[in-house]
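Listed below are the residues making up each chain.
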Amino acid sequence: MKRLLDCSASDFCRMNGKELKQSILAAEGRTIVAEVIGSVAPLYPAVTNAELAAAFGADLILLNMFDVFQPLVNGLDTKEPNQMVKRLKQLTGRPIGVNLEPVDPNAKQLESLASLPKGRMATEESLQEAKRLGFDFICLTGNPKTGVTNNEIIRAIETARDVFGECGLIIAGKMHAAGVAGETGGGIISEDVVLRFVQAGADVVLMPAPGTVPGVTPEKIASLVRAAHEHGALAMLTIGTSQEGADEDTIRQIALASKMAGADLYHIGDAGYHGIAIPENIMTYSIAIRGKRHTYIRMARSPLR
């Protein structure tokens, strides 16, 4: 039977959050999430970065630095901004998600913070617009120097759940400090934060993969993944520290440590090159967690199937 993560050209990945979550759960720790930046020039101009990531084995595509009020994916052959997400689903055959950032104006700064456009911030207005654009899932997280805090993520989860109901999958958590003092290294996330995320309505708790952030050990992450699972949530372990541009052996080590920790989804960031992980590293990640058979099928399968 074809997995729900495989979308036909006719259905454009129409599935609700429960269906997508069930599909990921059924995959038993074999789901790759590739983050890409659509607003930059694609690595190769003949295709978008999203298409390239899908071709190298990604199951879900996560758009970063995407302004929901000014939709832009460079290389996409559509002149209708409101149809961009739909068209990207057609071309990739993958569920498409977007990062929105719960910026905390009262965050204790670790460094100078960036100013974000309203279309990238996690507000009720931007979440409504993301829903209208047709995104399959929302990721509430923080890029570097954005001032995103765990407390503000919790508030954004509650708002997102009100907006999407059961019609969207909500992922929440931080890959790194995001410029906030007191939420660095091993202090980025705790069992209490995991519980609060799930109680607020998160379907998936995001946390750094072992080896990506100082102090984030396999043992620590395994305990946090268990906590997420015990409360009915999935866990996505992330490479969000530019190690998506590391050598393939490093990717394999992170992949296997994440699998042993109990990851349900494996995220790889967008900074291998500017806007996308090194494509070979997406494939390496995939082969490490599910072997060549599943990886090559994932890479070769047409959305028309």
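Enquirer: Quick rundown of the layout of surface pockets? Include the residues and the values.
Expert: A volume near 250 Å³ is recorded for the second largest pocket. Lining of the second largest pocket is provided by 20 residues; of these, Asn 64, Asn 143, Pro 144, Gly 240 and Asp 270 occupy positions nearest its centre. For the lining of the second largest pocket, the per-class residue count stands at six nonpolar, eleven polar and three charged.

Enquirer: How would you summarise helix α9 (residues 279-300) if you had to cite specific residues and measurements?
Expert: With 22 residues, α9 should cover 32 Å at 1.5 Å per step; its first-to-last C-alpha distance of 15 Å lies more than 12% under that length. At Gly 291, α9 shows its maximal bend, which comes to roughly 125°. Among the residues making up α9, those that are buried are Pro 279, Asn 281, Ile 282, Thr 284, Tyr 285, Ser 286, Ile 289, Arg 290, Thr 295 and Arg 298.

Enquirer: For the nonpolar core, give the residues involved together with the corresponding values.
Expert: Ranked by size, the top nonpolar core spans 73 residues in total, and within it Leu 140, Met 207 and Tyr 285 carry the most contacts. In this structure, Tyr 285 is in contact with Ile 32, Leu 237, Ile 239, Ile 251, Ile 254, Ala 255, Ser 258, Tyr 266, His 267 and Ile 268, ignoring residues within four places of it in sequence. Counting 15 residues, the second largest nonpolar core, distinct from the first, contains Leu 60, Leu 62, Cys 139 and Leu 234.

Enquirer: I'd like a rundown of the pattern of salt bridges, residues and numbers included.
Expert: Under the defined criterion, the tally for this structure stands at nine salt bridges. Between Arg 252 and Glu 248 there is a salt bridge; the shortest N-O distance is 3.5 Å. One end of the pair, Arg 252, and the other, Glu 248, are both in helix α8 (residues 248-261), four residues apart, so they sit about a helical turn from each other. A residue is classified by how much of its surface remains accessible, and Arg 252, at 37% relative accessible area, is partly exposed.

Enquirer: Give a description of the packing of helix α4 (residues 124-133) against helix α5 (residues 150-164) that names residues and reports values.
Expert: Packing of α4 against α5 leaves a shortest axis separation of 10 Å and a crossing angle of 40°. Comparing the axis directions of α4 and α5 gives the class oblique. You can see that α4 and α5 cross each other, and the crossing is right-handed. Of α5, the residues touching α4 (which contributes Glu 124, Leu 127, Gln 128, Ala 130 and Lys 131) are Ala 156, Thr 159, Ala 160, Val 163 and Phe 164. In terms of residue class, the contact of α4 with α5 is made up of six nonpolar, two polar and two charged.

Enquirer: Describe in detail the confidence of the model for the chain, supporting the description with residues and values.
Expert: Averaged over all residues, the pLDDT of the chain is 93; the fraction at 70 or higher stands at 95%. Within the model, pLDDT remains below 50 along residues 8-13, and this stretch shows 15 contacts once partners closer than five positions in the same chain are excluded.

Enquirer: Residues and numbers for unusual backbone geometry, please.
Expert: The phi dihedral of Met 65 is positive, around 55°, even though this residue is not glycine. Summarising the element assignment, Met 65 is placed in the loop between β2 (60-64) and α3 (84-92). Classification of Met 65 as partly exposed rests on a relative accessible area of 35%. Of note in the backbone geometry, Ser 242 takes a positive phi value of approximately 70° without being a glycine. Tracing the chain through its elements places Ser 242 in the loop between β7 (234-239) and α8. For Ser 242, a relative accessible area of 45% gives the class partly exposed.

Enquirer: Hey, could you go over the sheet that holds strand β3 (residues 96-100) for me, with residue numbers and the actual values?
Expert: As summarised here, the arrangement of the eight strands in space is β1-β2-β3-β4-β5-β6-β7-β8, forming a closed barrel in which the pairing is parallel. Here the strands of the sheet are splayed against their neighbours by 25° on average, with no regard to which way each runs. With five bridges connecting them, strand β6 (residues 204-208) and β7 associate as parallel partners. Directly across from Pro 208, in β7, lies its bridge partner Thr 238. Across the sheet, α9 is in contact with β1 (31-37), β7 and β8 (265-268); its angle to β1 comes to roughly 165°.

Enquirer: Can you explain the pairing of β8? Please cite residues and give values.
Expert: Of the two faces of β8, the one carrying Leu 265 and His 267 and the one carrying Tyr 266 and Ile 268 are both buried. Bridge count between β1 and β8: four bridges; the pairing is parallel. Each residue of the ladder has a partner; that of Ala 34, found in β8, is Ile 268. Pairing of β7 with β8, which is carried by four bridges, proceeds in the parallel orientation. Looking across to β8, one finds that Met 236 is bridged to Leu 265. Once you follow β7 into α8 and on to β8, the crossover reads as right-handed.

Reading the values: the criteria
What you see as residue numbers is a count from 1 along each chain, following the sequence as written. It should be noted that, the model being predicted, local features are given only for residues of pLDDT at least 70 and side-chain atom pairs only at 80 or more, the latter also being counted only at that level, while totals for whole chains, interfaces and linings use all residues. Only hydrogens and water are set aside; all other atoms, that is, all heavy atoms of the structure, feed into the side-chain values. Points on a 1 Å grid over protein atoms alone make up a cavity when a 1.4 Å probe fits among them but cannot get out, and a pocket when they form an open set with protein on both sides within 12 Å along at least five of seven lines; lining residues each have an atom within 4 Å of a point. Grid points are joined across faces, edges and corners, and a volume is the space filled by probe spheres set on the points. All amino acids are sorted into three groups, where Ala, Val, Leu, Ile, Met, Phe, Trp, Tyr, Cys and Pro are nonpolar, Asp, Glu, Lys and Arg are charged, and the leftover types, Gly among them, are polar. The numbering of helices and of strands both runs from the N terminus, where a helix is a DSSP run of H or I of at least 4 residues and a strand a run of E of at least 2. Every helix has an expected span of 1.5 Å times one less than the residues it contains. Axes are fitted to the seven residues ending at a residue and to the seven starting at it; the angle between these axes is taken as the bend at that residue. In this scheme, a residue with accessible area under 20% of its type's maximum is buried, one over 50% is exposed, and one in between is partly exposed, where area comes from a 1.4 Å probe on protein chains only. Side-chain atoms within 4.5 Å are what join buried Ala, Val, Leu, Ile, Met, Phe, Trp, Tyr and Cys residues into a set we call a nonpolar core. Here, residues are in contact when the closest pair of their heavy atoms is within 4.5 Å. We define a salt bridge as a side-chain nitrogen of Lys or Arg found within 4 Å of a carboxyl oxygen belonging to Asp or Glu. For every element, the axis is a line fit to its C-alpha atoms; helices are fit only across the contacting stretch, and the angle between N-to-C directions ranges from 0 to 180 degrees. Note on terminology: angles under 35 degrees are roughly parallel, angles over 145 are roughly antiparallel, angles of 65 to 115 are roughly perpendicular, and the others are oblique. What makes a crossing left-handed is the near helix being turned counterclockwise from the far one by less than a right angle; a clockwise turn instead makes it right-handed. The pLDDT value tells you how sure the predictor is about a given residue, anywhere from 0 up to 100. Note on pairing: two strands pair once DSSP finds at least 2 bridges between them. Note on handedness: a crossover is taken as right-handed if, strands pointing away from the viewer, the path from the first strand over the helix to the second is clockwise.

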